[in-house]
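Architecture at a glance
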Amino acid sequence: MNSVATLQTPFGKWGVEAVDGSITRLIWNAKPNGEISPLLAEAIRQLDAYAKGRLQVFDLPLAPKGSIFQQKIFAEMLAIPFGQTVTYGEIAKNLDCPAQPVGQACGANPIPIIIPCHRVLAKNSIGGFSGWGGVEGKIALLKHENGFPFLI
């Protein structure tokens, strides 16, 4: 059964979903559903600590849905440290593929924040963001991490 726990943050209301002992989605403006398992309680604790500036690295079992290619992109995003950014092109170079599919995979990321797609930028711009607030939400998250100093 899919269970969803929610948390209100300065970045909007986040819902985190767990299935079979792993986090599978972060949902914007979610409604709580089902029982709050110890895993969901821990995910909410970590998300709250992140939102309050007390956590930089998540430690949760993740099971994002996606193609083999998307899984490679998710792994690249997970390797981006808090407060740092990379470009779609840099990820593409690491994986020997074009940048456009990297951007599409970032947009398909089912667990934003925890898998930090907001830390991936276009070569000459901020790029897109499919999460809360669109590009403005991405900027807010980067400012929160001091990850894009010229925006601050």
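Keep in mind the model is a prediction, meaning the values are calculated, not measured. (Residues numbered from 1 in each chain as written. Predicted model: local features only at pLDDT ≥ 70, side-chain atom pairs only at ≥ 80, totals over all residues. Heavy atoms only, no water.)

Turning our eyes to something else, we now look at the pairing of strand β1 (residues 3-9). Summarising burial for β1: five of the seven residues are buried, a large majority. The pairing of β1 with strand β2 (residues 12-19) spans seven bridges and is antiparallel. Across the sheet, the residue bridging to Val4 is Glu17, located in β2. (Buried < 20%, exposed > 50% of the residue type's maximum accessible area, 1.4 Å probe, protein only. Helix = DSSP H or I, 4+ residues; strand = E, 2+ residues; numbered from the N terminus. Pairing = 2+ DSSP bridges.)

Along the polypeptide, Glu145 turns up in the segment after α5 (134-144). Overall, Glu145 belongs to the buried group, its relative accessible area being 3%. Note: C-alpha distance between Glu145 and Gln8 (137 residues apart in sequence) is 18 Å. The residues touching Glu145, leaving out its near neighbours within four places in the chain, are Tyr50, Phe82, Gly83, His118 and Arg119. There is a polar contact of 2.6 Å between the side chain of Glu145 and the side chain of Tyr50. Among the polar contacts listed, one links the side chain of Glu145 to the side chain of His118, at a separation of 2.8 Å. (Contact = heavy atoms within 4.5 Å. Polar contact = N/O pair within 3.5 Å; in protein donor to acceptor, adjacent residues only side chain to side chain.)

A few words now on the packing of aromatic side chains. Scanning the entire structure with this criterion turns up six aromatic pairs. Between Phe11 and Trp14 the ring centres are 6.0 Å apart and the planes differ by 10 degrees, which places this aromatic pair in the stacked class. The exposure class of Phe11 is buried, given its relative accessible area of 8%. You can call Trp14 buried: its relative accessible area is 0%. Ring centres 6.3 Å apart and planes at 70 degrees place the aromatic pair Trp14 and Trp28 in the edge-to-face group. Linking Trp14 in strand β2 with Trp28 in strand β3 (residues 22-28), this pair joins segments that are 14 residues apart in sequence. Through successive ring pairs, a cluster of aromatic residues spans Phe11, Trp14, Trp28, Tyr50, Phe58, Phe82 and Phe129. (Phe/Tyr/Trp six-rings, centres within 6.5 Å; stacked < 30°, edge-to-face > 60°.)

Another point: the side chain of Ser3. With respect to the secondary-structure elements, Ser3 resides in strand β1. Overall, Ser3 belongs to the buried group, its relative accessible area being 11%. A polar atom in the side chain of Ser3 sits 3.3 Å from the backbone oxygen of Glu35. With near-sequence residues (within four places) excluded, Ser3 lies in contact with Val16, Glu17, Ala18, Asn33, Gly34, Glu35 and Leu40.

Let us now look at the sheet that holds β1. Spatially, β1-β2-β3 is the arrangement adopted by the three strands of the open sheet, whose pairing is antiparallel. In this open sheet, the two strands that pair with only one neighbour each are β1 and β3. Mean inter-strand twist for the sheet, computed between neighbouring axes without regard to direction, equals 25 degrees. Relative to the sheet, helix α1 (residues 38-51) contacts β1, β2 and β3, its axis offset from that of β2 by approximately 150 degrees. (Axes fitted to C-alpha atoms, helices over the stretch in contact; angles between N-to-C directions.)

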